[in-house]
Amino acid sequence: MTAAKKATGKKAKKKTNVKKIKPLKCTSLPGVHDILPGEQSYWQQARKVLSDEAEEYGFGRIDVPIMESESLFRHVHGETSELYEKETYCFKNRSRDDVVLRSDFTPAIARAYTENGMVDLRKPIKLFTIGHAFRHERVQAGRCREFVQANYDIFGEQDPVLDAQVIQIAHRVLQKLGIKNIQFHVNSVGTRESRAHYRELLTAYFESRRTKLPSKYRDMIDTDPMRIFEATDDKTMQVCSGAPQAIDHLDKESRDHFKNLLEYLDELDLPYMIDPALDRGINYYTQTIFEVFVIDKDGTRHALGGGGRYNDLVESLGGEPTPAIGFAFGVDRLVAEMRRLKAKAYMPPEPRVYLAQIGDLAKKKSLRIFSDIESAGILVAESFGRGNLKEQMEQATKMKVDIVVIVGQKEALDGTVILKDMHTGTQETITSDKVVCSVKDALKKTVKVSKIK
Ligand code: HAM
């Protein structure tokens, strides 16, 4: 008697009283979601196009941690920024360290660049990453608390041709994903100096209209006047509409940079417009900023991605002065748009071989045969859970495979398998150690047969 039989053959002992587990009904948290198997073909297509494009443009992959020290994000985004103050997930871990879940990748990528001495690599250094980000936002369509971002960042080059190149990449990704009706909005916020000067102008402007602003914005006049532009109420928006615009107060270097960028964009014939009101709401940008929108039939627009230059960020983290430019797509939003447009989804390669088995011994042998065929790079389908040959053959026919490898009880004992050509119906018995060679040969022949047909 085998050990397994002995184990199952034992008489049941006296029943022990096991406490019944009370089921816990659990749902996902607000603003986070599962990506179910049925949705994966769009996700897979988006991920493939995003990373293929990165490869084509010479970006190397980087992965940064999901968790970072809270001081990094506070320093980079600024304590009073909306993104840090309201949306960043901060917590103390069990060692009482202050930790954040990354709200975007740029602080972490700049940290990784500085910490790992990438400054010594040949410039420009192009980095691509894709992964989850977290923001504690008010949940609504297209705005989740956990979402996926794909980031393209270039370090070590100040030339505006790279600003144009990242916009070109964004455009190509959208074209390849079949997303139409897109528009780029571009603007320049100038260097840190011209930004500081602009901030003074803005503070003076809002100060002179203090009484016209709702009280919640009055406090921001001195702390972060740019944030007032994020208001959505009519009263504040009206005050904002008369405010000075950054683009009218650029230093010469930023003006020239912007002018050159626009010339490149014209040359590329990209759908763009200058948007002096574009601010991005992120503190680290210098000079170029841009956003890409998809425009609905009714004219409403939704941001799919955005980015800009951040020439001071690496230095602010203790690195050498390093110009940088980058952008990120929100992948959930790309996928939502692809689904809305019924765009092309990823089609996995289809298996040309099906492995059928009858009986327990055959099932055991089949595990090895399956692995041998797969290891030879041949995609093979199976349904080990089913023992009925008719059902398995029906499934193989449905899958339109070329070859079925059948392991019956006799074959399992003899160390053979049957190879059935699904086009001609012919079959032959071979020894199981020849299965890989025979399947390869048979597949070659079936290509010829299907070509002749
Ligand atoms: P961002 O504009 O904050 O930029 O985010 C980029 C994109 O991420 C947005 O356009 C949007 O598609 C997506 N996104 C942002 N928040 C959410 C959300 N709550 N739910 C779903 N999607 C969202 C940045 O994050 C910059 N770090 C981009 C960058 C890279 N700049 C330079 N390099």
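Residues numbered from 1 in each chain as written. Predicted model: local features only at pLDDT ≥ 70, side-chain atom pairs only at ≥ 80, totals over all residues. Heavy atoms only, no water.

## Examining the packing of aromatic side chains
Under the convention used in this document: Aromatic rings from Phe, Tyr and Trp, with only the six-membered ring used for Trp, were paired whenever their centres fell within 6.5 Å, and each pair was classed as stacked if the ring planes differed by under 30 degrees, edge-to-face if by over 60, and tilted otherwise. For every residue, the accessible area (1.4 Å probe, protein chains only) is compared with the maximum for its type, and the residue is labelled buried under 20%, exposed over 50%, or partly exposed between those bounds.
Applying the stated criterion to the full structure yields 13 aromatic pairs. Measuring from ring centre to ring centre gives 4.9 Å for Y284 and Y285, while their planes differ by 65 degrees; the resulting arrangement is edge-to-face. Just as Y284 is buried, Y285 falls in that class too. Note on F327 and F329: the rings are 5.2 Å apart at their centroids and 80 degrees apart in plane angle, and the pair reads as edge-to-face. Residue class for F327 comes out buried when judged on its relative accessible area of 2%. Take F329: its relative accessible area is 0%, and that puts it in the buried class.

## Section: the pattern of salt bridges
Let me state the cut-off plainly: Any carboxyl oxygen of Asp or Glu within 4 Å of a side-chain nitrogen of Lys or Arg constitutes a salt bridge here. Strands are runs of DSSP state E lasting at least 2 residues, helices are runs of H or I lasting at least 4, and numbering of each runs from the N terminus.
Inspection of every chain in the model, using the stated rule, returns 25 salt bridges. Linking D52 and K48 is a salt bridge whose minimum nitrogen-to-oxygen distance equals 2.8 Å. Residue D52 and its partner K48 are both found in helix α2 (residues 40-56); the two are separated by four residues, about one turn of the helix. Residue class for K48 comes out partly exposed when judged on its relative accessible area of 38%. One salt bridge in this structure joins R309 and D163, with 2.8 Å as the shortest N-O distance. With R309 in strand β10 (residues 301-309) and D163 in helix α6 (residues 160-176), this residue pair connects regions lying 146 residues apart in the sequence. One exposure class covers both R309 and D163, and it is buried. Each member of the salt-bridge network shares a partner with another, and the members are E53, E56, R172 and K176.

## Describing the site of the ligand
Put simply, the rule reads: Any residue with a heavy atom lying within 4 Å of a molecule or strand is counted as near it. Under the rule applied, a polar contact is a pair of N or O atoms within 3.5 Å (in protein, one hydrogen donor and one hydrogen acceptor; residues adjacent in sequence only if both atoms are side-chain atoms). Using a 1.4 Å probe, the Shrake-Rupley method yields the accessible areas, and only the shown protein chains count as cover for residues. Only Asp, Glu, Lys and Arg are considered charged, only Ala, Val, Leu, Ile, Met, Phe, Trp, Tyr, Cys and Pro nonpolar, and every remaining residue, Gly among them, polar.
D104, T106, E137, R280 and Y285 are the nearest of the 26 residues found near the ligand. Between R135 and the ligand, the recorded distance is 3.0 Å, taken from a side-chain N or O atom to an oxygen atom. Here a nitrogen atom of the ligand and a backbone polar atom of G142 are 3.5 Å apart. Compared with its free state, where it exposes 650 Å², the ligand has 96% of that area covered by protein. Contributions of two or more residues to the shell around the ligand are made by β6 (146-155), β10 and β11 (324-330). Classifying every residue of the shell around the ligand gives 10 nonpolar, nine polar and seven charged.

## With respect to α6
Just so we agree on the cut-off: Expected helix span is given by 1.5 Å per residue-to-residue step, counting one fewer step than there are residues.
Between its terminal C-alpha atoms α6 stretches 24 Å, which fits the 24 Å expected from 17 residues at 1.5 Å a residue. Taking burial as the measure, the 17 residues of α6 include 12 buried ones, the bulk of the element. At the N-terminal boundary of α6, the capping side chain belongs to D159, with an oxygen 2.9 Å from the backbone nitrogen of V161. Of the residues flanking the end of α6, it is G178, one or two places downstream, whose phi is positive at about 80 degrees.

## Some words on the nonpolar core
Just so we agree on the cut-off: Buried Ala, Val, Leu, Ile, Met, Phe, Trp, Tyr and Cys residues that are joined via side-chain atoms within 4.5 Å together make up what is termed a nonpolar core. Contact definition: two residues touch when any of their heavy atoms are within 4.5 Å.
The biggest cluster of nonpolar side chains holds 48 residues, and the ones touching the most others in it are L50, Y152, I167, I179, L265, F329 and V331. Beyond its immediate stretch of four places on either side in the chain, L50 contacts F128, I130, A150, Y152, V173, F329, V331 and L334. Listed in part, the 30 residues of the second largest apolar core include V76, A108, Y285 and A324.

## Topic: the domain arrangement of the chain
Heads up, the condition is: Domain limits in this description derive from either an automatic procedure or a database domain assignment.
By domain assignment, the chain separates into domain 1 (37-191 + 251-341) and domain 2 (353-443). Each of domain 1 and domain 2 has a C-alpha centre, and these two points are 49 Å apart.

## What about the sheet that holds strand β1 (residues 60-61)?
Sheets are built from strands paired through backbone hydrogen bonds, the pairs being either parallel or antiparallel. So the rule is basically this: At least two bridges found by DSSP between two strands are what make those strands a pair.
If you walk across this open sheet you meet the eight strands as β1-β5-β6-β11-β10-β9-β7-β8, and the pairing is mixed. In this open sheet, the two edge strands, each paired with only one partner strand, are β1 and β8 (272-274). Taken together, the two bridges between β1 and strand β5 (residues 125-134) define a ladder with parallel strand orientation. Bridge assignment links R61 to a residue of β5, and that residue is F128.

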